[in-house]
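Understanding the architecture of this molecule
Residue strings, one per chain:
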Amino acid sequence: MGDLAVWLRDNVQADDGPEVDAWTLVRTALAAGDHLEAALENKPLPDSLVVKIVRSTWDFIAQGDYSLLKSAIKTETIFPLRTE
């Protein structure tokens, strides 16, 4: 299972009802060895769950950006105005 799949498995919180049912199907497919795209494909995912998956995916991708921003705010990182 890839890093993003693990992140989603651990961070997406499905609400009761259709979201839980759909997310269980996805998690079961991931546990069976399907890659993330295959696990999500052809599943009846409620729009609200898709939004959660997209937001959590963005959080995963942006982790490095968040770290850089924090270090810039704390002036831990110096950004030269030009390179020679």
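A brief look at the structure comes next. Residue numbers restart at each chain and count upward from 1, following the sequence in its written direction. pLDDT decides what is reported in this predicted model: residues at 70 or higher carry local features, side-chain atom pairs at 80 or more are listed and counted, and totals for whole chains, interfaces and linings draw on all residues regardless. The basis for every side-chain value is the complete set of heavy atoms in the structure, and neither hydrogens nor water enter the calculation.

**Some details on the packing of helix α1 (residues 3-11) against helix α4 (residues 47-61)**
Running from N to C, α1 and α4 cross one another at 125°; their axes reach a closest spacing of 10 Å. In terms of orientation, α1 and α4 fall into the oblique class. Note that α1 runs across α4; the crossing there is right-handed. Where α1 approaches α4, its residues Asp3, Leu4, Trp7, Leu8 and Asn11 are matched on the opposing element by Ile53, Ser56, Thr57, Asp59 and Phe60. Polar here means any residue other than Ala, Val, Leu, Ile, Met, Phe, Trp, Tyr, Cys and Pro, which are nonpolar, and Asp, Glu, Lys and Arg, which are charged; Gly is therefore polar. Classifying every residue of the contact of α1 with α4 by side-chain character gives five nonpolar, three polar and two charged. Axes here refer to lines fitted to C-alpha atoms; in helices the fit is confined to the stretch in contact. Angles between the N-to-C directions go from 0 to 180 degrees. Under the DSSP-based scheme used, a helix requires at least four consecutive residues in state H or I and a strand at least two consecutive residues in state E, with every element numbered from the N terminus. Roughly parallel covers angles under 35 degrees, roughly antiparallel covers those over 145, roughly perpendicular covers 65 to 115, and oblique covers all other angles. Each helix crossing is assigned a hand: it is left-handed if the near helix lies turned anticlockwise from the far helix by less than a right angle, otherwise right-handed if that turn is clockwise. By the convention used here, residues are in contact when the closest approach between their heavy atoms is within 4.5 Å.

**Here we look at the environment of Ala38**
Turning to its location among the elements, Ala38 is positioned in helix α3 (residues 36-40). Classification of Ala38 as partly exposed rests on a relative accessible area of 23%. The spatial distance from the C-alpha of Ala38 to the C-alpha of Trp58 is 19 Å, given a sequence separation of 20 residues. Accessibility here uses a 1.4 Å probe with only protein chains present; expressed as a share of the type maximum, an area under 20% marks a residue as buried, one over 50% as exposed, and anything in between as partly exposed.

**Let's talk about helix α2 (residues 18-31)**
Here a helix's expected span is defined as the number of its residues, less one, multiplied by 1.5 Å. Given a rise of 1.5 Å per residue, 14 residues ought to cover 20 Å, and the 20 Å separating the end C-alpha atoms of α2 matches this to within 8%. Regarding α2, the residues found buried are Glu19, Ala22, Trp23, Val26, Ala29 and Leu30. With its buried residues spanning 120° around the axis, α2 presents them on a single face. Relative to its buried face, α2 has exposed residues pointing more than 90 degrees away, namely Asp21 and Ala31. Each element contacted by the buried residues of α2 is listed here: α1, α3 and α4. It is the directions from the helix axis to the C-beta atoms whose arc is reported.

**Quick notes on the side chain of Ser56**
The topology assignment puts Ser56 in helix α4. Taking the relative accessible area as the measure of exposure, Ser56 reaches 7% and is therefore buried. What Ser56 contacts, discounting residues up to four positions off in sequence, is Trp7, Leu8, Asn11 and Val12.

**Here's the deal with the packing of aromatic side chains**
The rule is short: rings of Phe, Tyr and Trp, with Trp giving its six-membered ring, pair when the centres are within 6.5 Å, and they are stacked under 30 degrees, edge-to-face over 60, tilted in between. Counted according to the given criterion, the structure contains one aromatic pair. Look at Trp7 and Phe60: their rings are 5.8 Å apart centre to centre, the planes differ by 50°, and that puts the pair in the tilted class. Here Trp7, found in helix α1, pairs with Phe60, found in helix α4; they are 53 residues apart in sequence, far enough to count as distant. The exposure class of Trp7 is partly exposed, given its relative accessible area of 23%. You can call Phe60 partly exposed: its relative accessible area is 24%.

Purely geometric stuff here, so don't read any function into it on its own.
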